[in-house]
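A structural walkthrough
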Amino acid sequence: MSGLPQGVDVRLAAARLQGVTVRTPLLECAALNERVGGRILIKPEVLQRTGTFKFRGAYNRLVQLTPHEREAGVVAWSSGNHAQGVAAAAALLGIKARIVMPADAPRIKTERTAALGAEIVPYDRLRDDREAIGRALAAAHGAIIVPPYDDPQIVSGQGTVALEIAEDAARLGLTLDALLAPAGGGGLIAGMCLALGDASPATKIYSVEPTGFDDHRLSLIAGKRVANEAGGNSFCDALLAPMPGALTFEINRARLAGGFAVSDDEVAAAMRYAFTEMKLVVEPGGAVALAAVLSGKIDARGKTVAVVLSGGNVDPRLFARVISGL
């Protein structure tokens, strides 16, 4: 596929984002290191603007719009986190944003997207085609489409997460053996592949997904994009993309070392662990990489492994049930 972003694009994105995004820290938890027998470096993007890494890619895309494009506004579709990222970036830049969101999206995500000034257009996740709705909106208003993952500037912005991880690990004198991150459409993990291709080429990168929505894992095995089987269910609402993105998979297939699938029970256990041991609130989709480590999907003994907690926008009632073990 032509037009694939490169490592240099991630570095350029980092320059655009400097002073706008939060440079989230690299954390360690002694109890976690002892439990797995290795050194686990936690990247808490729950502390990012809008509570998720998505703001990085959204701002990197929107800040490059021309004055005419800004005047026309933007359209995006999202289950919630990309929605907030686009809405926040648009608000900062004075751009009108229309967001197509599922009617059953977590209330916290829809409310915060609306609070940022975006116009929300609801759709039925099971019956409607969100991309068709979004493209019709864009055509009607002459707006610019900002897709959630299959866009070079979105991917490059998300890759700054891994660039920061590599830089901070190097300052600690550490060599990263592996990095685990969630995968929905694949924008975050693709950006990380680009960033570490330059900054830490020996690091093995793994995607992590909920069971039944592990299309990256299956696609890597098949050597081509594979869709999830219909009828699956998971409370990881941020990671329910039907198949890997076309652009993102072209990057990921060449760089990923593999993929892991985790159950909802394993994700819930990871959410509880993050809260009790690290005092971090993590949404289900944001906790899958930690779940893979805690459940032994990867052998971390004697290794240095980076784990991305990609978001913390969880419904308070759901979080309370998870933390109480109900």
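Above this text sits the structure in question.
Residues numbered from 1 in each chain as written. Predicted model: local features only at pLDDT ≥ 70, side-chain atom pairs only at ≥ 80, totals over all residues. Heavy atoms only, no water.

1. Here's the deal with the nonpolar core
In plain terms, the rule: The criterion is simple. A nonpolar core is a set of buried Ala, Val, Leu, Ile, Met, Phe, Trp, Tyr and Cys residues joined through side-chain atoms within 4.5 Å. Exposed residues in this analysis have more than 50% of their type's maximum accessible area, buried residues have under 20%, and partly exposed residues fall in between, with area computed by a 1.4 Å probe over protein chains only. Contacts were defined at the residue level, with two residues in contact if any of their heavy atoms lie within 4.5 Å.
Formed by 40 residues in total, the largest nonpolar core has its most connected members in L32, I40, L180, L290 and V307. Beyond its immediate chain neighbours, meaning those up to four positions away, L32 contacts I40, I42, Y273, L290 and L294. L174, A190, M192 and A306 belong to the second largest nonpolar core, which has 30 residues in total.

2. A look at helix α7 (residues 130-141)
Keep this limit in mind: Elements are defined by DSSP. Helices are runs of H or I of four residues or more, strands are runs of E of two residues or more, and each kind is numbered from the N terminus. Helix span is expected to be 1.5 Å times the residue number reduced by one. This arc is taken over the directions from the axis of the helix to the C-beta atoms.
Along its 12 residues, α7 runs 17 Å from first to last C-alpha, staying within 8% of the 16 Å computed at 1.5 Å per residue. Along α7, the residues classified as buried are R130, G134, L137 and A138. Angular distribution of buried residues about the axis of α7 spans 100°; they occupy a single face of the element. Turned more than 90 degrees away from the buried face of α7, the exposed residues are A139 and A140.

3. Notes on the sheet that holds strand β3 (residues 97-102)
In a beta sheet, neighbouring strands pair by backbone hydrogen bonds and run either parallel or antiparallel. We apply this condition: Any two strands between which DSSP finds at least two bridges are classified as paired. Orientation is described by axes fitted as lines to C-alpha atoms, over the contacting stretch for helices, and by angles from 0 to 180 degrees between their N-to-C directions.
Taken in spatial order, the four strands line up as β4-β3-β2-β5 in an open sheet, and their pairing is parallel. A single partner strand is all that each edge strand has here, and the edge strands are β4 (119-123) and β5 (144-145). The strands touched by helix α5 (residues 81-93) within the sheet are β2 (74-77) and β3, with β3 carrying the most contacts at an inclination of about 170°. Against the sheet, helix α6 (residues 107-115) engages β3 and β4, with an angle of about 170° to β3.

4. Regarding helix α3 (residues 54-62)
Judged by how many residues are buried, α3 sits mostly within the fold: nine of nine residues are covered. Every buried residue of α3 is accounted for by K54, F55, R56, G57, A58, Y59, N60, R61 and L62.

5. Brief notes about the pairing of strand β1 (residues 39-44)
Within β1, five of the six residues are buried, which leaves it mostly tucked inside the rest of the structure. Pairing of β1 with strand β9 (residues 304-309) involves six bridges; the strand directions are parallel. Across the sheet, R39 pairs through a bridge with T304, a residue of β9.

6. Quick word on the sheet that holds strand β8 (residues 258-262)
Ordered in space as β1-β9-β6-β7-β8, the five strands form an open sheet in which the pairing is parallel. Each edge of the open sheet carries a strand with a single partner, namely β1 and β8. Neighbour to neighbour, the strand axes of the sheet diverge by 25° on average, direction disregarded. Helix-sheet contacts for helix α10 (residues 187-199) involve β6 (178-182), β7 (204-210) and β9, and the interaxial angle to β6 is about 155°.

Function cannot be inferred from these measures alone, as they are strictly geometric.
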